[in-house]
Amino acid sequence: VGTIWNDMIVVDMGEADETGVDLLLMSLDEWDAYVSDADAVVDGYSVNGITGWRLPTHEEATLLRNRFCGNNLWELNELIEEYNQENNLEGNDALWGLADGDDERYLCLKNGEYYSFRFVAGTKISEAGEKRSYYVRLVKSYRYVPE
């Protein structure tokens, strides 16, 4: 958890059993989109052949916010910067760290409605508006089965 694996961020890991382990992954890629464009971001997104990405649920947004705030956010952003350097990504190709500014919010879904959250402990997850843009990081529930 909190590492980059197979070009994705490992957000959460269930209990391993004899067949594998369930992971919650988050995209290294980040978009800036209006609510009206959010579905277009999700369509066709794939990382190393892994498809089926989506916006985080309200519960997953809570997990993301609580897991990656403060020093943990700083450490994850350092890993993303190291990833950029190791893969010679710069300029428009460079990946962004997670934002935690006062007006920097990420989209999530609650009961089919768009909400937004910040990577800051104790902040609210609130309804998203139509007139501003939000950051988008996609998540994927994934069953890892070792070969």
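You'll find the structure just up there.
Nothing here was measured: the structure is a model prediction, and the numbers come from that model. (Residues numbered from 1 in each chain as written. Predicted model: local features only at pLDDT ≥ 70, side-chain atom pairs only at ≥ 80, totals over all residues. Heavy atoms only, no water.)

**Student:** Tell me about a negative patch on the surface, residues and numbers included.
**Tutor:** Taken together, the side chains of Glu75, Glu78, Glu81, Glu82 and Glu86 present a region of like negative charge at the surface. Take Glu78: it is sitting in helix H3 (residues 70-86). (Patch = residues over 30% accessible without salt bridge, like charges linked within 9 Å, V, L, I, M, F, W, Y side chains within 5 Å. Areas by Shrake-Rupley, 256 points an atom, 1.4 Å probe, with all protein chains shown as cover. Salt bridge = Lys/Arg side-chain N within 4 Å of Asp/Glu carboxyl O. Lys, Arg positive; Asp, Glu negative; His and termini not counted. Charge placed at Lys NZ, Arg CZ, Asp CG, Glu CD. Helix = DSSP H or I, 4+ residues; strand = E, 2+ residues; numbered from the N terminus.)

**Student:** Break down the sheet that holds strand E3 (residues 21-27) for me, citing the residues and quoting the values.
**Tutor:** Reading across from one edge, E1-E2-E3-E9 is the order of the 4 strands in this open sheet, with antiparallel pairing throughout. In this open sheet, the two strands that pair with only one neighbour each are strand E1 (4-5) and strand E9 (139-144). Of the strand pairs in this sheet, E1 and strand E2 (residues 8-13) are connected by 2 bridges, and their pairing is antiparallel. When the sheet's bridge partners are listed, Trp5 is paired in E2 with Met8. Contacts between helix H2 (residues 58-67) and the sheet are confined to E2, E3 and E9, with E2 contributing the most and set at about 105° to the helix. (Pairing = 2+ DSSP bridges. Contact = heavy atoms within 4.5 Å. Axes fitted to C-alpha atoms, helices over the stretch in contact; angles between N-to-C directions.)

**Student:** Explain H3 residue by residue, including any values.
**Tutor:** The end-to-end C-alpha separation of H3 is 25 Å, in line with the 24 Å expected for 17 residues at 1.5 Å each. Within the span of H3, buried status applies to Leu73, Leu76, Ile80, Tyr83 and Asn84. Angular distribution of buried residues about the axis of H3 spans 100°; they occupy a single face of the element. Residues of H3 that are exposed and point more than 90 degrees away from the buried face comprise Asn71, Trp74, Gln85 and Glu86. (Expected span 1.5 Å × (residues − 1). Buried < 20%, exposed > 50% of the residue type's maximum accessible area, 1.4 Å probe, protein only. Arc of directions from axis to C-beta.)

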